[in-house]
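Residues per chain are reported as follows:
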Amino acid sequence: MRRLSKYIVVGFVLMTATIFQSCSDFLNKDPYSTIKLDNFYQNDNQANLALAGIYSVLGSDYTYGYYLSCRFTSGTDAMVFSRNYNSWNVPLFTVNNSTKEVEDTYRTLYEGINLANVFIEKISTSTTISESSKARFLSEARFLRGFFYFDLVRWFGEVPMRTKPVLSGSTQETTMAKAKVLDIYKDVIIPDLEYTVANGLTKNDTNYEVGRITKSAALGTLQRVYLTIAGVKNDAKRGEYADFTKDACYQKAIDYGMQVVNNKKYSLLSDYKQVFLNEIKGDLSDEEVIFEVQFENLRAGGVNEHGRIGNMNGVQVSLSGLTDPYAYAYNYAGLSLTYDYAKSTGDANEDKRFIWNVAPFRVGLNNVLDTIFVTNPDTNEPVLDVNGEKQIEKVIYTTERTEGFSFIGNNYTRNPGKFRRVSFDEMEDGVLRMERKKVEEPSGKSKTLYVCYKMMPNDTYNTGDDGTGYMYMLDAMGNKVRLSTHNYMSIEGSVWKQIPNGSLPMKKLESGAIDKNFTGINFPVLRYADVLLMIAEAHIQKNQLAEAIPFVNQIRQRAGVPNLDPAVTGDQTSFFNEIVDERNRELCFEGVRRHDLIRWGLYKTKLDELNELMVNEPINKNQQWLLRSGENYQEELEILPTPQKETNINIGIKPAS
């Protein structure tokens, strides 16, 4: 976490680094330092050092620095792996128990758990730290332990449940059978998060530091926990647990969410894209993000506090300058997401989230649109129309490749734009829409492309009031000057101006040093918007439809789309289907879609729908590999296999009953 780690992560790495021991499982990490372990944890500063080390696990490449934010969360109807080879095994359902990425994530989550277990034991027994400080420190450590276990059971199902440190690497310490998933929820995850609710800080408390865990983070995570327990994967197991009936779980999700709402510490920002501009730029001052993993590109100083957000899951950028951002963009925005926006309004462009999330552009060496103007043969000067604008002869799609940006020519190869590294002023400050337009290639053949239009301000640009619908702008004297239909179009009384390919000056969005492979972009794990949607979903599942409506409408109003249609909210099935789509529209690329689809039992259904949409679009013949997640889908691989290395070493592992 940036504010916490600025001054302590390096110190903690030096003082409590962990190493592998031979003949040990993934938890066999022996902390070492120049200070003996028994002599550490003597004061608040030492506790902060140790606590920062637990936080740092969140930013590992194998957790939210890369895998759990970008890589593992691809392969849904929201995000498609955009390469024709099989390096991303988890989203392509080609994973097995020897897959290295699975082993790395499993091991790293347990490293975080073991660090938390050491911390909890040492702080709990400390005689030199005040009781109030103990409660505060433990509230953060127990949240992190519970959160790591939450990720473990969501990704791996039944796993060993360890609440004591593993230090010696002895067989006695490391041997442990898998525990039942619902036992891990009951005995570790929920008690840890509830401890944080009871003892944690609230934002703006005296001792609160930006980036540290709050009660609201625990409350929102408990919402997720109870919705997950209520999911279809646990239907056959829940009968043994009196507190885990579906109705009880949904009520818990409502109650915990309402505590966040009622404490009024968080709210929706008025501008959706500003949430993510803040994450990109490292601005931690907003009122919407409740829990985020914070990064800062300090590689030049020898500190690994970076992430890959925006580099792996952002808009493709392939500029060649040493100080320019770069983005591999290993994902396309799933075509289903575009259709979800369109289903809500009839026109995806009307939803302010669409252009931001489903980016219509790439940056690099591109063929671009070139406007050919009418010229006076005698002077070779452009011919102006009555409005003083250059007369357009035609627009052609050039074969010359120039360094700039180009708009994407089809729906199914657009990148996720939520965590973009670069942008253009027009794309941030204006309302945009994409329209199909025929242009001419140099050969004379026509080509259909998407062209971007920006809405013009109504106080300067408008449509005619004489019934003709002509477009005009007001000059300095207030006179109406007609606009050329080559550059402008009119939609429902508003004037839109075409933005040609390659015409906009690019700007970097990230703060700090720029690195080709790593970024300082933060990743939001929990936002206030999700709290509202979880409350709404729980009400819908309890068939309390009227109670759910205002929570969803808050989200829709910010997106600039109409309130829910009564036809949608009139029955439980229709309203549930709407919340499935609304969560995709609002939370795409934030690491929640795969878990949502699994708990709803809709993973295969949504992948099938995605593939059907792509086939009907149609996708290019040489891009059939985009269908792989749906074609390779196996229900048993929704939950990842226990790594073979753990099975070989931990002789206690056997399937739990």
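The structure contained in this document is the topic of the report that follows. (Residues numbered from 1 in each chain as written. Predicted model: local features only at pLDDT ≥ 70, side-chain atom pairs only at ≥ 80, totals over all residues. Heavy atoms only, no water.)

So, the overall build of the protein chain
Secondary structure assignment for the protein chain yields 23 helices and 21 strands. Here the protein chain, with 657 residues, has 59% of them falling under the buried criterion. Here the analysis covers contacts within the protein chain between residues at least 6 apart in sequence; of these, 73% occur between residues at least 24 apart. As displayed, the protein chain offers around 25,900 Å² of accessible surface, 48% of which is attributable to carbon and sulfur atoms. (Helix = DSSP H or I, 4+ residues; strand = E, 2+ residues; numbered from the N terminus. Buried < 20%, exposed > 50% of the residue type's maximum accessible area, 1.4 Å probe, protein only. Contact = heavy atoms within 4.5 Å. Areas by Shrake-Rupley, 256 points an atom, 1.4 Å probe, with all protein chains shown as cover.)

A look at the packing of helix α7 (residues 131-156) against helix α10 (residues 215-229)
Contact pair α7 / α10: the axes reach a minimum separation of 12 Å and the direction vectors enclose 25 degrees. Relative to α10, the element α7 is oriented roughly parallel. Our pair here, α7 against α10, has a crossing hand that is left-handed. Of α10, the residues touching α7 (which contributes F143, F147, F150 and R154) are A217, A218, T221, R224, V225 and T228. Of the residues that constitute the contact of α7 with α10, the class distribution is 6 nonpolar, 2 polar and 2 charged. (Axes fitted to C-alpha atoms, helices over the stretch in contact; angles between N-to-C directions. Parallel < 35°, antiparallel > 145°, perpendicular 65-115°, else oblique. Left-handed = near helix turned anticlockwise from the far one by under 90°. Nonpolar A, V, L, I, M, F, W, Y, C, P; charged D, E, K, R; others polar.)

Considering the sheet that holds strand β15 (residues 461-463)
The 3 strands are arranged β15-β16-β17 in an open sheet whose pairing can be described as antiparallel. What marks the edges here is a single partner per strand, and that holds for β15 and β17 (480-482). Within the sheet, the average angular offset between the axes of one strand and its neighbour, ignoring direction, is 40 degrees. Here β15 runs beside strand β16 (residues 471-474); their pairing, made up of 3 bridges, is antiparallel. In the strand pairing of β16, Y461 is matched with M473. (Pairing = 2+ DSSP bridges.)

Looking at the environment of K516
Tracing the backbone through its elements, the reader meets K516 in the loop between β20 (506-508) and β21 (523-527). Spatially, the C-alpha atoms of K516 and Y328 are 9.3 Å apart, while their sequence positions differ by 188 residues. With sequence-adjacent residues up to four places away left out, K516 is seen in contact with N311, Y326, Y328 and R421.

Digging into helix α19 (residues 572-587)
Its 16 residues place the ends of α19 22 Å apart at the C-alpha level, agreeing with the 22 Å of an ideal helix rising 1.5 Å per residue. In terms of burial, α19 is largely enclosed, as 12 of its 16 residues are buried. Inspection of α19 places F575, F576, E578, I579, V580, D581, E582, R583, N584, R585, E586 and L587 among the buried residues, and these make up the whole buried set. Measuring from the backbone nitrogen of T573 back to the side-chain oxygen at the start of α19 gives 3.2 Å, which picks out D571 as the cap. Residue F589 follows α19 closely and has a positive phi angle near 70 degrees. (Expected span 1.5 Å × (residues − 1). Polar contact = N/O pair within 3.5 Å; in protein donor to acceptor, adjacent residues only side chain to side chain.)

With respect to the side chain of N89
Here N89 lies in helix α5 (residues 89-92). At 3.0 Å, the side chain of N89 forms a polar contact with the side chain of T94.

Here's the deal with the pairing of strand β18 (residues 488-491)
The pairing of β18 with strand β19 (residues 494-499) spans 4 bridges and is antiparallel. By the bridge assignment for β19, S490 is matched with V495. Taking the residues between adjacent antiparallel strands as the criterion, β18 and β19 are bridged by 2 residues, where E492 takes a positive phi near 45 degrees.

Function cannot be inferred from these measures alone, as they are strictly geometric.
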